[in-house]
Amino acid sequence: MQIAVIGRGDCSEEETRAAEAVGRLIAGSRGTVCCGGLGGVMEAACRGAKEAGGTTVGILPDTGDGNAYLDVVIRTGMGHARNVVLVNSADAVIAVGGGYGTLSEIAVALKTGKPVFGLRTWKIEGVTACATPEEAVTLAVRAGRRSRPSRSPRGPGGPA
């Protein structure tokens, strides 16, 4: 299961702590953290996931290397258009805080029917507000398990 964690590249300490917890909890649920690959919320979620032994994927807007906690780096050179790739790669989305880039990712997710769970983020119809990282990850994992898997089948029997 792949869960996108979205939020600002320049976030508050509170958002950093929440994103780290979200990353740890996703890894603890055997999910993969997908993000925009840069700093702030993205780096914090990856750091939390790596501390818990998880896997991280960064879908970068440019051709750089991204943050130090990425296992897989996808260099798009697409700028903000990479937001569509990120959201479409996820089974569920968790927004932590956020600015207009986060808003665009939320819009793409809602438009494409992806479940979105938010921690101190935009109050928009369709975004499930969560009080804690635990609640956000529990709901995202549950929703992700119900969604169509975004990964390729493994062998003749389909997904493992």
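Preceding block: the structure.
Parameters and conventions
- Along each chain, the written sequence defines residue order, and numbers are assigned to residues from 1.
- Predicted model: local features are reported for residues with pLDDT of at least 70 only, side-chain atom pairs are reported and counted for 80 or more only, and whole-chain, interface and lining totals are derived from all residues.
- Here the side-chain values reflect all heavy atoms present in the structure, with hydrogen atoms and water set aside.
- Helix and strand definitions follow DSSP, with helices as H or I runs of at least four residues and strands as E runs of at least two, each counted in order from the N terminus.
- Based on C-alpha atoms, the radius of gyration is set beside the globule rule, defined as 2.2 Å times the residue count to the power 0.38.
- Working definition: with a 1.4 Å probe on protein chains only, accessible area under 20% of the residue-type maximum means buried, over 50% means exposed, and in between means partly exposed.
- The angle between two axes is taken between their N-to-C directions and runs from 0 to 180 degrees, where each axis is a line fitted to C-alpha atoms and a helix contributes only its stretch in contact.
- Orientation categories follow fixed angle ranges, with anything under 35 degrees roughly parallel, anything over 145 roughly antiparallel, 65 to 115 roughly perpendicular, and all other angles oblique.
- In this scheme, a crossing is called left-handed if the near helix is turned counterclockwise away from the far one by less than a right angle; it is called right-handed if the turn is clockwise.
- Here, residues are in contact when the closest pair of their heavy atoms is within 4.5 Å.
- Think of it as three bins: nonpolar holds Ala, Val, Leu, Ile, Met, Phe, Trp, Tyr, Cys and Pro, charged holds Asp, Glu, Lys and Arg, and polar takes everything else, Gly as well.
- Paired strands, in this sense, are two strands between which DSSP finds at least two bridges.
- Handedness of a crossover: with both strands directed away from the viewer, a clockwise path from the first strand across the helix to the second marks it as right-handed.

Caption draft 1: Fine view of the overall build of the chain. If you tally the helices and strands in the chain, you get five helices and seven strands. Along its sequence from the N terminus, the chain presents helices and strands in the succession β-α-β-α-β-β-α-β-α-β-β-α. A compact globule built from 160 residues would reach a C-alpha radius of gyration of about 15 Å, and the chain, at 14 Å, matches this within 12%. Taking the principal axes of the C-alpha coordinates as reference, the chain spans close to 45 × 35 × 30 Å. Relative to its full complement of 160 residues, the chain shows a buried share of 48%.

Caption draft 2: Structural context of the packing of helix H1 (residues 13-28) against helix H2 (residues 41-51). Between H1 and H2, whose axes approach to 6 Å, the crossing angle comes to 40°. Comparing the axis directions of H1 and H2 gives the class oblique. As for how H1 packs across H2, the hand of that crossing is right-handed. Note on element contacts: H2 touches H1 through Val41, Ala44, Ala45, Arg47, Gly48, Ala49 and Glu51, opposite Glu15, Thr16, Ala19, Glu20, Gly23, Arg24 and Ala27. For the contact of H1 with H2, the per-class residue count stands at six nonpolar, three polar and five charged.

Caption draft 3: Inspection of H2 at higher detail. Burial within H2 is extensive, with eight of its eleven residues counted as buried. Considering only its buried residues, H2 is in contact with strand E1 (2-6), H1, strand E2 (32-35), strand E3 (55-60), helix H3 (82-88) and strand E5 (92-96). Just past H2, the residue glycine 53 takes up positive phi, approximately 80°.

Caption draft 4: Focus on the pairing of E5. Among the five residues in E5, five count as buried, and that is most of the element. Burial along E5 is two-sided: Ala92, Ile94 and Val96 and Val93 and Ala95, pointing in opposite directions, are all buried. Bridge count between E1 and E5: four bridges; the pairing is parallel. Pairing of alanine 4 across the sheet is with valine 93, part of E5. Where E5 and strand E6 (residues 116-119) come together, four bridges link them in parallel fashion. Each residue of the ladder has a partner; that of alanine 95, found in E6, is glycine 118. Regarding topology, helix H4 (residues 100-111) serves as the crossover connection from E5 to the parallel E6, and that connection is right-handed.

By themselves, these figures tell us nothing about what the structure is for.
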